[in-house]
Amino acid sequence: MIPLPLARIAEITSGALAGMADPRAVVRGPVVIDSRAVVPGALFVAIRGERADGHDFAARAVEAGAVAVLADRPVDAPAVVVGDTVAALASLATAVCADLPVVTIVGVTGSAGKTTTKDLLARLTARIGPTVAPVESFNNEIGHPLTVLKAGEDTRYLVLELSARNAGHIAHLARIAPPSIGVVLNVGTAHLGVFGSREAIARAKGELVEALPEDGVAVLNADDPLVAAMAGRTRARVTWYGRARDAHVRAENVTVDDRGRASFTLRTPSGAAPIGLRLYGEHAVQNALAAAAAAYELGLPVATIAEELSEAEPRSRWRMEVTDRADGVTVVNDAYNANPDSMRAAFAALDALAGGRRRFAVVAALRELGEESDALNEELGRLAGGAGLAGLLVVGPDAEPVLAGAQAAVRDTGAATRVAHAADVTRAGEELATLLVPGDAVLVKGPRAAGLERVAAALLGGDRR
């Protein structure tokens, strides 16, 4: 973070110094919302959450070395008191971002694959300059400004992930850190219950390209019609990526090995190079292409892009983490989140990775699907029931549509899949322990709120948080 005295922070946030705060005291960073992450020189932002109120930890944060607390009421510590700490956090990030002297900002959005693409692109930009990118999925009105505030005077690239929980969210995030390059991955059915239709989701995702300047670049997926249509919504130059023959950056000759990892030829306007991904699932090709297209626009040589993408390992937890136990059981932990599109990709990856081995899956009902919830969850069940599994466990409440779809698929296909319901993650882990034998493969995949990562941890014999 660019060092700032408390007086300047109060000015930026329209706040008032309180609790004997020294206006000359300098915050050198980091800016944190967890008192356990405080180090000397930090600014602690007190946020009221569903389970805890950060104001209750203000004194503890200052004792740990925080210069002051950004709070919305007086606390027992030096503070900058503001009307709304989340809004003040955004104002602070906006001001700091405007003062970054040499930064190029790249924004990434889409219904699926944002975090993987962001991780890949951050690896690429790190080859040509100091890079700041979010930890895991810090992509909302809190995580986004916190990431921006990690940048300093030497930061050359800010690679940011932007999510939309409603219309206007991406536009708001783009105002905090105005991007010059915007990458749009896809438009799926995540948050369908909030937006009502894929077209409405596309309108929200397209706020990113609308925010680009005339001399910016919109990096669009040529294979997704709703993304391709965003070309008409931006002043920026458009570059295309995908598998389409007319995409500027495209994948040719895609193959998948017996571990579900894709190889392909990366084709660009200035040449081609082979890539062998270490990421699991053929769907990772699209994420790699998006990162490659943005990096190409930043001037990275094709050979360098191919080298880095071929060496990249998963950075963010619980996303297609593949672990082989000592007894030969393969656990695929893809439990960070789920939507209908990522579920299809995960089952395809399991099929490629498992080969002829027995396969199991642990899933939970998808959420935020609105009026389409029952139909889409029944479709999920049909997908799982028709996937040739030896066993399917559906965990938690609201499982009936998934179970009904799976049982219907089993009846229709005559498969021998055992379909069962587990009330919670503990029961699911116990049930799986009785079913798995050496050599089996199991996919663990569900919405974040389901907590299925604990099933994967149990299968691997420890806490993998």
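Look up a bit, the structure's there.
Report on the accompanying structure.

Here's the deal with the nonpolar core
Then comes step 1: Counting 91 residues, the largest nonpolar core has L6, L158 and F347 as its most contacted members.
Then comes step 2: If one sorts the elements of this core by residue count, helix 3 (residues 85–98) sits on top with eight residues.
Then comes step 3: Ignoring any residue separated from it by four or fewer positions in sequence, one finds F347 in contact with A361, V363, L380, L383, A384, A387, L389 and L443.
Then comes step 4: The next biggest cluster of nonpolar side chains, apart from the first, holds 37 residues, and it includes L124, A288, A293 and A306.

Focus: the pairing of strand 20 (residues 391–395)
Then comes step 1: Here strand 20 lies mainly inside the structure; five of its five residues are buried.
Then comes step 2: Of the two faces of strand 20, the one lined by G391, L393 and V395 and the one lined by L392 and V394 are each fully buried.
Then comes step 3: Bridge count between strand 19 (residues 359–364) and strand 20: five bridges; the pairing is parallel. Of the residues in strand 20, the one forming a bridge with V363 is V394.
Then comes step 4: A crossover connection joins strand 19 to the parallel strand 20 through helix 14 (residues 373–385); in handedness this β-α-β unit is right-handed.
Then comes step 5: Sheet topology note: the strand 20/strand 21 (residues 418–422) ladder contains five bridges and is parallel. By the bridge assignment, L393 is partnered in strand 21 with A420.

Some words on empty space enclosed by the protein
The gaps of empty space that remain are located by a probe, the size of a water molecule, rolled over the atoms.
Then comes step 1: On inspection of all chains with the given rule, the structure shows one cavity of 30 Å³ or more.
Then comes step 2: Taken as a whole, the largest cavity encloses approximately 40 Å³ of empty space.
Then comes step 3: Residue lining of the largest cavity: F360, A361, G391, L392, L393, R418, A420, E431, L432 and L435, and that is the complete set.
Then comes step 4: Within the residue set of the lining of the largest cavity, elements represented by two or more residues are strand 19, strand 20, strand 21 and helix 16 (425–435).

Comments concerning the packing of helix 14 against helix 15 (residues 400–413)
Then comes step 1: At a minimum axis distance of 6 Å, the contact between helix 14 and helix 15 shows a crossing angle of 40°. The angle between helix 14 and helix 15 places the two elements in the oblique class. For the pair helix 14 and helix 15, the crossing hand works out as right-handed. Residues D374, N377, E378, L380, G381, R382 and G385 of helix 14 form the contact with helix 15, whose participating residues are P401, V402, G405, A406, A408, A409, V410 and D412.
Then comes step 2: Its residues assigned to classes, the contact of helix 14 with helix 15 comprises seven nonpolar, four polar and four charged.

Quick word on the sheet that holds strand 13 (residues 237–242)
Then comes step 1: Taking strand neighbours across the sheet as the criterion, the nine strands line up as 9-10-8-11-12-13-14-15-16 in an open arrangement whose pairing is mixed. The two strands at the open ends of the sheet, each matched to only one other strand, are strand 9 (131–132) and strand 16 (271–280).
Then comes step 2: In this fold helix 4 (residues 114–125) packs onto strand 8 (104–109), strand 9, strand 10 (157–161) and strand 16, with an angle of close to 175° to the strand it touches most, strand 10.

Calculation notes
Numbering of residues starts from 1 in each chain and follows the order in which that chain's sequence is written. Restriction of local features to residues with pLDDT of at least 70 applies here, the model being predicted, together with a cutoff of 80 or more for giving and counting side-chain atom pairs; totals for whole chains, interfaces and linings are based on all residues. Water and hydrogen atoms were dropped before computing side-chain values, which therefore reflect all heavy atoms in the structure. Here, the term nonpolar core denotes a set of buried Ala, Val, Leu, Ile, Met, Phe, Trp, Tyr and Cys residues that are joined through side-chain atoms within 4.5 Å. Only protein chains enter the accessibility calculation, which uses a 1.4 Å probe. A residue is then buried if its area is under 20% of the maximum for its type, exposed if over 50%, and partly exposed in between. Per the convention used, a helix needs a DSSP run of H or I reaching at least four residues, while a strand needs a run of E reaching at least two, with both numbered from the N terminus. A contact between two residues is defined here by any heavy atoms of the two lying within 4.5 Å. At least two bridges found by DSSP between two strands is the condition for calling them paired. By convention, orient the strands away from the viewer: a clockwise path from the first strand over the helix to the second makes the crossover right-handed. As defined here, a cavity is a set of points on a 1 Å grid over the protein atoms alone where a 1.4 Å probe fits but cannot get out. A pocket is an open set with protein on both sides within 12 Å along at least five of seven lines, and residues line them when an atom is within 4 Å of a point. Grid points are joined across faces, edges and corners, and a volume is the space filled by probe spheres set on the points. Helix axes use the C-alpha atoms of the stretch in contact, all axes being lines fitted to C-alpha atoms, and the angles between their N-to-C directions lie in the range 0 to 180 degrees. Working rule for angles: under 35 degrees goes down as roughly parallel, over 145 as roughly antiparallel, 65 to 115 as roughly perpendicular, anything else as oblique. Take the far helix as your reference; a near helix turned counterclockwise from it by less than a right angle gives a left-handed crossing, and one turned clockwise gives a right-handed crossing. Ten residues, namely Ala, Val, Leu, Ile, Met, Phe, Trp, Tyr, Cys and Pro, are considered nonpolar, four, namely Asp, Glu, Lys and Arg, are considered charged, and the remaining ones, Gly among them, are considered polar.

Read these as layout, nothing more, since geometry by itself doesn't imply function.
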